[in-house]
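# Structure assessment
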Amino acid sequence: MPIQVRPAAVFEDVRAVIGPKSPTANVCWCLSYRIPSKQNNELRGPARGEYVAELCRADLAPGVLAYDGDTPVGWAAVAPRSDTTFARNRKIPHVDDLPVWSLWCIRVRPGHRGQGISHALITGAVEFARDHGAPAIEAYPLDNGNAKVDLTMAYAGLRKNFERAGFTKAADTTSTLSGHPRILMRLDLR
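Residues numbered from 1 in each chain as written. Predicted model: local features only at pLDDT ≥ 70, side-chain atom pairs only at ≥ 80, totals over all residues. Heavy atoms only, no water.

## Concerning the layout of surface pockets
Empty space within the largest pocket amounts to approximately 1200 Å³. Along its surface, the largest pocket is lined by 43 residues, and I106, R107, V108, R113 and L151 are the ones closest to its centre. Sorting the residues of the lining of the largest pocket by element identifies α1 (11-18), β4 (101-108), α4 (117-131) and α5 (159-164) as the ones contributing at least two each. The element that contributes the greatest number of residues to the lining of the largest pocket is β4, accounting for five residues. A per-class count over the lining of the largest pocket returns 24 nonpolar, 12 polar and seven charged. Its boundaries defined by the atoms lining it, the second largest pocket holds a volume of some 160 Å³. Lining the second largest pocket are F11, R15, P20, K21, P23, A25, W29, G45, P46, G49, E50 and A53. At the level of secondary structure, the elements contributing two or more residues to the lining of the second largest pocket comprise α1 and α3 (46-57). At four residues, the largest contribution of residues to the lining of the second largest pocket is made by α3. (1 Å grid on protein atoms, 1.4 Å probe; cavity = no way out; pocket = protein on both sides within 12 Å on 5 of 7 lines; lining within 4 Å. Points joined across faces, edges and corners; volume = space filled by probe spheres on them. Helix = DSSP H or I, 4+ residues; strand = E, 2+ residues; numbered from the N terminus. Nonpolar A, V, L, I, M, F, W, Y, C, P; charged D, E, K, R; others polar.)

Structure representation (structure tokens):
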């Protein structure tokens, strides 16, 4: 059965992919770029999951999920840049004043990696942004060449995967992750 990508509107499915094994853990929940740093640091334990549950109930889902049948196997965070901390990030430049969307996190569940799910997630996130009127979408992946990347830090994605999806490098950044530079890549949706 082919991988399907749908809006992340079902909290239990989001939790299955990015939630902690222990509900009291202080894992990211993909909030670190979505909300201001102070708020991100104040949300602890179950409050983090509760915040994400609210996002899933909103009119605009907080991202997209990849499904293998009925099983959620991957996640991509995508939203208007103006609704994220990338709107004010000093390390990730703004190329212009276009109201772009940001795609900043891709996560594939263990046991499902190496099956093209990250590619399906990028494509699904692009379609989600396009369907909601985005004129362009940006990502901030690692420019790692052929160097190995720690899976924990690969959430930003890899340059080659975004190039495969039609994104092109739009700017350098001063951001690094796991020792690799991040670049700003963009895909025009007009």
